[in-house]
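What follows is the residue order along each chain.
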Amino acid sequence: MTLPAHVPAPRALPALDGASLDGRLYTRVTGLAGRSPGWLDTLVSHWSAYGLGLFAVLMLAAWWRARPGNAPRIAMALAAPVAVVLAYAANALIKALVREQRPCRTLHTVTLEACPGPDDWSFPSNHAAIAAAAAVALWLVDRGLGSIAALAALLMALSRVWVGAHYPHDVVLGLVVGAAVGWCLTLAARRGAPLVERARASRLRPLVAPR
């Protein structure tokens, strides 16, 4: 159907121009990375690429340590991976709406990490969101492991700018999105305590209690 001439066609949501926000800070960070020792860049690059695996290990440890505890704590430990997945989904939705091009495409800078494709949006950072959601969930379950995860999440966010994958504002909002989703869903998981109590009296007992 053709719209009348006096009726404007609907517009798509304009893409975010990230370079105008903190493009200069981004180029300073990537420039510093280019002048840094090779061993440091290699370390940061490996952390940026594979560091999320640490959060999986920490969540597994949190579940193991929570098993002798009360049912709400165990419910939160079991829900932590679900909170991380949903934080990723929420972050991906924002990416699809905002459609910010990667800084390595907009600014054409030399980066440690190969520049993703043109439809791989930058804002917010998935890595930062996943790390923050895991860190908050872990903090609510186990303060010791949560402290380690919080530091690791900040290092993950910084590494994504260092390797050139994101603007600073991308990782900041990724941390905020991940932390918000992780906090709300992990606290809500305490309502699953009755299910944990039932599982303790079933064949699922090894999942929710020591042998």
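Source: prediction; values computed, not measured. (Residues numbered from 1 in each chain as written. Predicted model: local features only at pLDDT ≥ 70, side-chain atom pairs only at ≥ 80, totals over all residues. Heavy atoms only, no water.)

Caption draft 1: Summary view of the packing of aromatic side chains. One pass over the full model with this rule turns up two aromatic pairs. When the centroid spacing of 5.7 Å and the interplanar angle of 70 degrees are considered together, the rings of Trp 63 and Trp 64 count as edge-to-face. Geometry around Trp 64 places Arg 67 over its ring, the cationic atom sitting 4.2 Å from the centre. (Phe/Tyr/Trp six-rings, centres within 6.5 Å; stacked < 30°, edge-to-face > 60°. Lys NZ or Arg CZ within 6 Å of the ring centre and 35° of its normal.)

Caption draft 2: Layout of the packing of helix α4 (residues 71–98) against helix α8 (residues 168–188). The contact between α4 and α8 brings their axes to 8 Å, and the two run at 140 degrees. With respect to α8, the axis of α4 lies oblique. α4 and α8 meet at a crossing whose hand is right-handed. Contacts from Met 76, Ala 83, Leu 86, Ala 87, Ala 90, Asn 91 and Ile 94 in α4 reach Gly 174, Val 177, Gly 178, Val 181, Gly 182, Leu 185 and Thr 186 in α8. Of the residues contributing to the contact of α4 with α8, the split by class is nine nonpolar, five polar and no charged. (Axes fitted to C-alpha atoms, helices over the stretch in contact; angles between N-to-C directions. Helix = DSSP H or I, 4+ residues; strand = E, 2+ residues; numbered from the N terminus. Parallel < 35°, antiparallel > 145°, perpendicular 65-115°, else oblique. Left-handed = near helix turned anticlockwise from the far one by under 90°. Contact = heavy atoms within 4.5 Å. Nonpolar A, V, L, I, M, F, W, Y, C, P; charged D, E, K, R; others polar.)

Caption draft 3: Expanded view of the packing of helix α3 (residues 52–66) against helix α6 (residues 126–141). The interhelical angle for the contact between α3 and α6, taken along N-to-C directions, is 15 degrees, at an axis separation of 10 Å. Judged by the angle between their axes, α3 and α6 are roughly parallel. With respect to the hand of their crossing, α3 and α6 are arranged in left-handed fashion. Residues Leu 52, Phe 55, Leu 58, Met 59, Ala 62 and Ala 66 of α3 touch α6, and the partners they reach there are His 127, Ile 130, Ala 131, Ala 134, Leu 138 and Val 141. In the contact of α3 with α6, the residues fall into 11 nonpolar, one polar and no charged.

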